[in-house]
Amino acid sequence: MTLDTWLGFFVAAWLICLSPGPGVLSCVTAGLQHGFRAALWNIVGLQAGATVTLIVVGVGLGAVLATSPLAFNAIKWFGAAYLVYLGVMQWRSAEAPIRAPEAAVPGLAAVNVPRALFLRGLIVNSTNPKGILFTASVLPQFIDPKAPQLIQFLIVWFTLLFTDVCCMSSYTALGVQALRWLQNPGIARLTNRVFGALFVLAGLGLAVFKHGA
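It should be emphasised that the depicted structure is a prediction, and the values quoted were computed from it without experimental measurement.

Student: Kindly report on a nonpolar patch on the surface, identifying the contributing residues and their values.
Tutor: A cluster of nonpolar side chains, namely Leu 190, Val 194, Leu 198, Leu 201 and Leu 204, defines an oily patch on the protein surface of about 450 Å² accessible area. Mapped onto the fold, Leu 190 is located in helix α8 (residues 185-208). Residue classification places Leu 190 among the exposed residues on the basis of a relative accessible area of 55%.

Structure follows, in structure tokens:
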């Protein structure tokens, strides 16, 4: 991969990562509810999901999803249902003021937070077929078929990892900073319902995304 090609992909990666989507919503809500340190597990999960997507495209399954309505719809509906589930859970969250994690009462639930956030990020990123198709359509523009493939995919992976971690960390920090505004129960309730509605809308948007669009 030449320097010019990599710079072009680097710019494209920033645009992809900065664009709003389920991953951004997941980061902001994780930061709001659990603080920056705990929410890092959500970011790790998102990167694992992105890695799954890249591997799927790398081994050619992206082309299968692009031509198989059955495979496409199976992943699409699973991802859409999960986003709606997250939205419903967010909407039904307790109306008590949102507190920073250090103010929370320690308990068994806290032990499971890292695992839950990791799985949440993994599922959100790896079940978005639009992301798979987008990756499958963008990557060929930057991959030289005559050059070794593995090293090029590793460069792409590290580039996406760097840009997405930077962007998602910023969105998570934004959510953490909003904690001080959410000590009022009414504002906390409104925030839960706004983000819950956004998750549901994201799920519905994924559900109506048509194969071949």
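Student: Could you give an account of the side chain of Thr 159, naming the residues involved and the relevant values?
Tutor: By secondary structure assignment, the location of Thr 159 is in helix α7 (residues 149-177). Leaving out residues up to four positions away in the same chain, Thr 159 has contacts with Trp 6, Phe 9, Phe 10 and Ala 13.

Student: I'd like a rundown of the packing of aromatic side chains, residues and numbers included.
Tutor: Across all of its chains, the model carries 4 aromatic pairs by this definition. An angle of 90 degrees between the planes, with centres 6.3 Å apart, marks the rings of Trp 14 and Phe 162 as edge-to-face. Pair noted here: Trp 14 is in helix α1 (residues 3-18) and Phe 162 is in helix α7, with a separation of 148 residues, a long-range link. An aromatic cluster is present here, built from Trp 6, Phe 10, Trp 14 and Phe 162 joined pairwise through their rings.

Student: So what about the environment of Phe 36? Which residues, and what values?
Tutor: Counting through the fold element by element, Phe 36 comes out in helix α2 (residues 22-58). A residue is classified by how much of its surface remains accessible, and Phe 36, at 33% relative accessible area, is partly exposed. Residues in contact with Phe 36, not counting those within four places in the same chain, are Ser 169, Thr 172, Ala 173 and Val 176.

Student: Give a detailed account of the environment of Asp 144, specifying residues and quantitative values.
Tutor: For Asp 144, the position within the fold is in the loop between α6 (129-138) and α7. When the C-alpha atoms of Asp 144 and Thr 2 are compared, they prove to be 9.4 Å apart, with 142 residues separating the residues in sequence. With residues up to four places along the chain from it excluded, the contact list for Asp 144 reads Gln 149 and Gln 152.

Student: Hey, could you go over the packing of α2 against α7 for me, with residue numbers and the actual values?
Tutor: One can describe the packing of α2 onto α7 by two numbers: an axis separation of 9 Å at closest approach and a directional angle of 160 degrees. In terms of orientation, α2 and α7 fall into the roughly antiparallel class. Remark: the crossing between α2 and α7 carries right-handed chirality. By residue class, the composition of the contact of α2 with α7 is 19 nonpolar, 9 polar and 1 charged.

Student: Before we move on, can you summarise the packing of α1 against α7 with the specific residues and values?
Tutor: The interhelical angle for the contact between α1 and α7, taken along N-to-C directions, is 35 degrees, at an axis separation of 9 Å. Remark: the crossing between α1 and α7 carries right-handed chirality. Residue-level contacts link Trp 6, Phe 9, Phe 10, Ala 13, Trp 14, Cys 17 and Leu 18 of α1 to Ile 155, Val 156, Thr 159, Leu 160, Phe 162, Thr 163, Asp 164, Cys 166, Cys 167, Met 168 and Tyr 171 of α7. The residue inventory of the contact of α1 with α7, partitioned by class, reads 15 nonpolar, 2 polar and 1 charged.

Student: Kindly report on the nonpolar core, identifying the contributing residues and their values.
Tutor: In terms of nonpolar packing, the biggest core is built from 12 residues, these being Phe 9, Ala 12, Ala 13, Leu 54, Val 56, Val 57, Ile 132, Leu 139, Phe 142, Ile 143, Phe 153 and Val 156. Among the elements of the structure, α1, α2 and α7 are those that each provide at least two residues to this core. Discounting residues that sit within four places of it in the chain, Ala 13 has contacts with Thr 159, Leu 160 and Thr 163. Formed by 11 residues, the second largest nonpolar core is a distinct cluster that contains Val 24, Ile 43, Leu 46 and Met 168.

About the thresholds
Residues numbered from 1 in each chain as written. Predicted model: local features only at pLDDT ≥ 70, side-chain atom pairs only at ≥ 80, totals over all residues. Heavy atoms only, no water. Patch = residues over 30% accessible without salt bridge, like charges linked within 9 Å, V, L, I, M, F, W, Y side chains within 5 Å. Areas by Shrake-Rupley, 256 points an atom, 1.4 Å probe, with all protein chains shown as cover. Salt bridge = Lys/Arg side-chain N within 4 Å of Asp/Glu carboxyl O. Helix = DSSP H or I, 4+ residues; strand = E, 2+ residues; numbered from the N terminus. Buried < 20%, exposed > 50% of the residue type's maximum accessible area, 1.4 Å probe, protein only. Contact = heavy atoms within 4.5 Å. Phe/Tyr/Trp six-rings, centres within 6.5 Å; stacked < 30°, edge-to-face > 60°. Axes fitted to C-alpha atoms, helices over the stretch in contact; angles between N-to-C directions. Parallel < 35°, antiparallel > 145°, perpendicular 65-115°, else oblique. Left-handed = near helix turned anticlockwise from the far one by under 90°. Nonpolar A, V, L, I, M, F, W, Y, C, P; charged D, E, K, R; others polar. Core = buried A, V, L, I, M, F, W, Y, C linked by side-chain atoms within 4.5 Å.

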